[in-house]
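One letter stands for each residue in the lines below.
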Amino acid sequence: ARRREYEDFERPKAPRRPSRCARERPSPAHSIARSMALQTLVGKLAHPLAEVRQRAAHSIRSKAEASLLSSDDLRLEPNLGRHLLQLAAMDESSPSVKLDALSLIERLAGTADTARQLVQLGAVAELRRVQQAVAAPPPSADAEESSSVDAVAAAAARAMEKILHHPAPELPAVSSPE
C-alpha cells in the first residue's frame, strides 16, 4: 500500500544543466579540427567527380545552416569563394549543386571585405552568366526541372545583390541588372 502512494507521487524534476559544450566556448583544438574539416571539404569542391563535389557542397551548406560552421569559419577559408564560383558556373552541375553553391556565396558576401574578394574573383560576371544560362530552359524541360532552373536564377540574383550591396571604393561600380 505504501508503494502505491509513492507511485502516484510525481517528483518535481530538476532543471537540466546545459551540456558542457553549450556552457563553454569551443577549445582551440576543437576550432582547429573544425577548420581542418572545412579545408578538406573545400578541397573536395574541386574534385574531378561530380558526385564528390555535390556531397561536399551540400555538406558545407548543411553545416552552415545548422550553425556547426559560422560565417567567420567560411570567410577564413581562402579558396572557398573561388571553388563555389567555379561550381556554380559549371554547366554540368545539377541545379541542387548550384543552389548549394549560390547559397554559400550569398552567405560569404555578408561582409564588405568578403564581397570585395568575390568581386575581385569575378563573381558578378560569373553570377550573371549563371543567370543567363538558366534563363532559357530547354524546350524538353518538365515543370519540376523548370522550377529548379527558376530557383537557380533567383539564387544567383540574391547572391549578386548581396555582393553589390557592399560598395568597393577601389573597384569600379557595377550596376545591378533590372
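Before reading on, note that the structure itself is shown above.
The model shown is predicted, which means the values in this text are computed figures rather than measured ones. (Residues numbered from 1 in each chain as written. Predicted model: local features only at pLDDT ≥ 70, side-chain atom pairs only at ≥ 80, totals over all residues. Heavy atoms only, no water.)

### A closer look at the overall build of the protein
Phase 1 of the analysis: A count of helical and extended segments in the protein gives 10 helices and 0 strands.
Phase 2 of the analysis: Ordered by position from the N terminus, the helices and strands of the protein form the series α-α-α-α-α-α-α-α-α-α.
Phase 3 of the analysis: Evaluated residue by residue, the protein yields a buried proportion of 29% over its 178 residues. (Helix = DSSP H or I, 4+ residues; strand = E, 2+ residues; numbered from the N terminus. Buried < 20%, exposed > 50% of the residue type's maximum accessible area, 1.4 Å probe, protein only.)

### Here's the deal with the nonpolar core
Phase 1 of the analysis: The biggest cluster of nonpolar side chains holds 35 residues, and the ones touching the most others in it are Ile60, Leu74 and Ile105.
Phase 2 of the analysis: When residues of this core are traced back to their parent elements, those giving at least two are helix H3 (28-44), helix H4 (50-65), helix H6 (80-89), helix H7 (95-108), helix H9 (123-135) and helix H10 (143-164).
Phase 3 of the analysis: In this structure Ile105 touches Leu84, Leu85, Ala88, Leu118, Ala159 and Ile163, once residues within four positions along its chain are discounted. (Core = buried A, V, L, I, M, F, W, Y, C linked by side-chain atoms within 4.5 Å. Contact = heavy atoms within 4.5 Å.)

### Concerning the environment of Leu99
Phase 1 of the analysis: As for its position among the elements, Leu99 is in helix H7.
Phase 2 of the analysis: In sequence terms Leu99 and Arg61 are 38 residues apart; their C-alpha atoms lie 9.7 Å from each other.
Phase 3 of the analysis: In this structure Leu99 touches Arg61, Ala151, Val152 and Ala155, once residues within four positions along its chain are discounted.

### Concerning the pattern of salt bridges
Phase 1 of the analysis: Applying the stated criterion across every chain yields a total of 8 salt bridges.
Phase 2 of the analysis: For Glu65, the salt bridge is made with Arg61, and the minimal N-O distance between the two is 2.9 Å. One end of the pair is Glu65 and the other is Arg61, both in helix H4 and 4 residues apart, which spans about a single turn.
Phase 3 of the analysis: In this structure Arg61 comes out as partly exposed when scored by relative accessible area, which is 23%.
Phase 4 of the analysis: A salt bridge links Asp91 to Arg129, with the shortest nitrogen-to-oxygen separation between them at 3.9 Å. Of this pair, Asp91 sits in the loop between H6 and H7 while Arg129 sits in helix H9, and the two are 38 residues apart along the sequence.
Phase 5 of the analysis: Among the ionic contacts, a cluster of salt bridges with common partners joins Arg61, Glu65 and Asp100. (Salt bridge = Lys/Arg side-chain N within 4 Å of Asp/Glu carboxyl O.)

### Topic: the packing of H6 against H9
Phase 1 of the analysis: Where H6 meets H9, the axes come as close as 9 Å, and the angle between the chain directions of the two elements is 20°. Put simply, H6 runs roughly parallel to H9. As for how H6 packs across H9, the hand of that crossing is left-handed. Contacts between H6 and H9 involve Leu85, Ala88 and Ala89 on the former and, on the latter, Ala123, Glu126, Arg129 and Val130.
Phase 2 of the analysis: Along the lines of polarity and charge, the residues of the contact of H6 with H9 split into 5 nonpolar, no polar and 2 charged. (Axes fitted to C-alpha atoms, helices over the stretch in contact; angles between N-to-C directions. Parallel < 35°, antiparallel > 145°, perpendicular 65-115°, else oblique. Left-handed = near helix turned anticlockwise from the far one by under 90°. Nonpolar A, V, L, I, M, F, W, Y, C, P; charged D, E, K, R; others polar.)

### Describing H9
Phase 1 of the analysis: With 13 residues, H9 should cover 18 Å at 1.5 Å per step; its first-to-last C-alpha distance of 18 Å lies within 8% of that length.
Phase 2 of the analysis: Turning to H9, its buried residues are Ala123, Val124, Leu127, Val130, Gln131 and Val134. Looking straight down H9, one finds that the buried residues subtend no more than 125° of arc, so they occupy a single side. Opposite the packed face of H9, turned more than 90 degrees from it, sit the exposed residues Ala125 and Gln132. (Expected span 1.5 Å × (residues − 1). Arc of directions from axis to C-beta.)

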